[in-house]
Amino acid sequence: MQTLVEGIHHFQQHVFPSKLRLFKRLAKGQQPIALLIICSDSRINPNLITHTEPGELFIVRNVGNMVPPHGVSNNGEAAAIEYSVVELNVQDIIVCGHTHCGAMQGMLNPKSLRGLPLVRKWLRHGLATTHIMRENYRHLRGSALLAATAQENVLVQLQHLETYPVVAARLARGDLHLHGWMYKIETGEVFHYDPRAKQFVLIEHACQPPDESRSLNASPARATA
Ligand SMILES: [Zn+2]
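As the structure is a prediction and not an experimental result, all values here were calculated from the model.

1. Some points on the coordination of the zinc ion
Protein coordination at the zinc ion: the donors are Cys-39 (SG), His-98 (NE2) and Cys-101 (SG), at 2.0 to 2.2 Å from the metal. Donor residues for the zinc ion sit on one chain with the sequence pattern C-x58-H-x2-C. A residue pair is termed long-range when its members are at least 10 positions apart, and Cys-39 in strand E1 (residues 34-39) and Cys-101 in the loop between strand E3 (92-98) and helix H5 (102-108) qualify at 62 residues. Of the two residues, Cys-39 and Cys-101, neither departs from the other in class, the shared state being buried.

Here is the structure:
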């Protein structure tokens, strides 16, 4: 805890004064660029990897970057989706998976969740991912299987997003766009799902078409989400 207390002191003495105008503006309201749904994993810092400031990302974090489908009860994710789309009028929603994800490992190996009944229950939102892996990726093992699972899970969760009436309505109008991302912890690279190439490709400079030679490995083509 001492690390956190010292961090708060550092923030108040050095960081906050240097961004005073930003925080005064944020006190009046928020207008985030996008809703980002990303894993709780401590190795990921969404603002760091996107180089964004407070106020720029509306973030939902949970184990395995899941989106429970519309209609699931006690669904905090649903409230965040509805609020950001209807009230904050975000025009982009990103589901971001990552390499070395413990949730994906748990989905591939349910026996490892024996002492974690709540995690096991939560990961049912990735059941379609598990089936996709079992039926289509039998040739993969180890880290390749884990990476492919995280990618497929992003696509499954994007499909869940489309079950929300507010999302479906805005998608139909062209006012909202869904994106699938993969963050590679070991390189800091972020890949996005390209529906035309049917694979995850490296996000490089804005306004440049993605270079398909830099696609994330272990990503057999599959139908678009
Ligand atoms: Zn994770």
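The structure having been displayed, the exposition proceeds.
2. Focus on a nonpolar patch on the surface
Among the surface-exposed residues, Phe-11, Phe-16 and Leu-20 lie close enough to one another that they form a single nonpolar patch of about 230 Å² accessible area. Owing to a relative accessible area of 31%, Phe-16 belongs among the partly exposed residues under this scheme.

3. Focus on the packing of helix H4 (residues 76-87) against helix H9 (residues 165-173)
Relative orientation of the contacting elements H4 and H9 amounts to 35°, with a least axis distance of 9 Å. Both H4 and H9 take part in a crossing whose hand is left-handed. Residues Ile-81, Glu-82, Val-85 and Val-86 of H4 lie in contact with H9, whose contacting residues are Val-166, Val-167 and Arg-170. The residue makeup of the contact of H4 with H9, split by class, is five nonpolar, no polar and two charged.

4. Quick word on the packing of helix H7 (residues 127-136) against helix H8 (residues 142-161)
For any two helices packed against each other, one specifies the crossing angle of their axes together with the interaxial distance. Their axes nearest at 9 Å, the elements H7 and H8 cross at an angle of 130°. Taken together, H7 and H8 sit at an angle that is classed as oblique. Considering only the axes of H7 and H8, their crossing is right-handed. Facing H7, whose interface residues are Ala-128, Thr-129, Ile-132 and Met-133, H8 presents Leu-145, Ala-148, Thr-149, Glu-152, Asn-153 and Val-156. Residues that form the contact of H7 with H8 fall into these classes: six nonpolar, three polar and one charged.

5. Notes on unusual backbone geometry
Residues apart from glycine generally show negative phi values, whereas peptide bonds are mostly found in trans. Positive phi is not limited to glycine here, since Asn-89 has a value of about 60°. Within the fold, Asn-89 resides in the loop between H4 and E3. For His-100, which is not a glycine, the phi torsion comes out positive at approximately 60°. Along the chain, the position of His-100 falls in the loop between E3 and H5.

6. Looking at the sheet that holds strand E5 (residues 190-194)
Within the open sheet, the six strands sit side by side as E2-E1-E3-E4-E5-E6. Their pairing is mixed. Strands with a single pairing partner mark the edges of an open sheet, and in this sheet they are strand E2 (57-62) and strand E6 (199-202). Averaged over all pairs of adjacent strands, the angle between their axes in this sheet comes to 30°, without regard to strand direction. With six bridges connecting them, E1 and E2 associate as parallel partners. Residue pairing across strands places Ala-34 opposite Leu-57, the latter belonging to E2. Those strands touched by H4 are E1, E2 and E3, and its axis lies near 170° from that of E2. Contacting E1, E3, strand E4 (177-183), E5 and E6, H8 crosses the sheet at an angle of about 160° to E4.

Cut-offs applied
Chains are numbered independently. Their residues run from 1 in the order of the written sequence. Local features are withheld for residues below a pLDDT of 70 in this predicted model, meaning they are given only at 70 or higher, and side-chain atom pairs are given and counted only at 80 or more; totals for whole chains, interfaces and linings count all residues. Hydrogen atoms and water are omitted, and side-chain values are computed over all heavy atoms in the structure. Note: metal donors comprise N, O and S atoms at 2.8 Å or less from the metal (3.2 Å for Na, K and Ca); water molecules are not included, so apparent gaps in a site are possible. Strands are runs of DSSP state E lasting at least two residues, helices are runs of H or I lasting at least four, and both sets are numbered from the N terminus onward. Only protein chains enter the area calculation, which uses a 1.4 Å probe; residues under 20% of their type maximum are buried, those over 50% are exposed, and those in between are partly exposed. Within this analysis, patches are made of residues with over 30% relative accessible area and no salt bridge. Like charges are joined at 9 Å or less; nonpolar side chains (Val, Leu, Ile, Met, Phe, Trp, Tyr) at 5 Å or less. What sets the accessible areas is the Shrake-Rupley method with a 1.4 Å probe; for residues, cover comes only from the shown protein chains. Throughout this description, the term salt bridge denotes a Lys or Arg side-chain nitrogen within 4 Å of a carboxyl oxygen of Asp or Glu. Every axis corresponds to a line fitted to the C-alpha atoms, with the helix fit spanning only the stretch in contact, and the corresponding angles, defined between N-to-C directions, vary from 0 to 180 degrees. If you view the pair so one helix is near and one far, a crossing is left-handed when the near helix is turned anticlockwise from the far one by less than a right angle, and right-handed when it is turned clockwise. We call two residues contacting when some pair of their heavy atoms lies within 4.5 Å. When residue character is reported, Ala, Val, Leu, Ile, Met, Phe, Trp, Tyr, Cys and Pro are called nonpolar, Asp, Glu, Lys and Arg charged, and the others, Gly included, polar. Geometric relationships in this document are graded by angle, where less than 35 degrees denotes roughly parallel, more than 145 denotes roughly antiparallel, 65 to 115 denotes roughly perpendicular, and other angles denote oblique. One requirement defines pairing of two strands: DSSP has to find at least two bridges between them.

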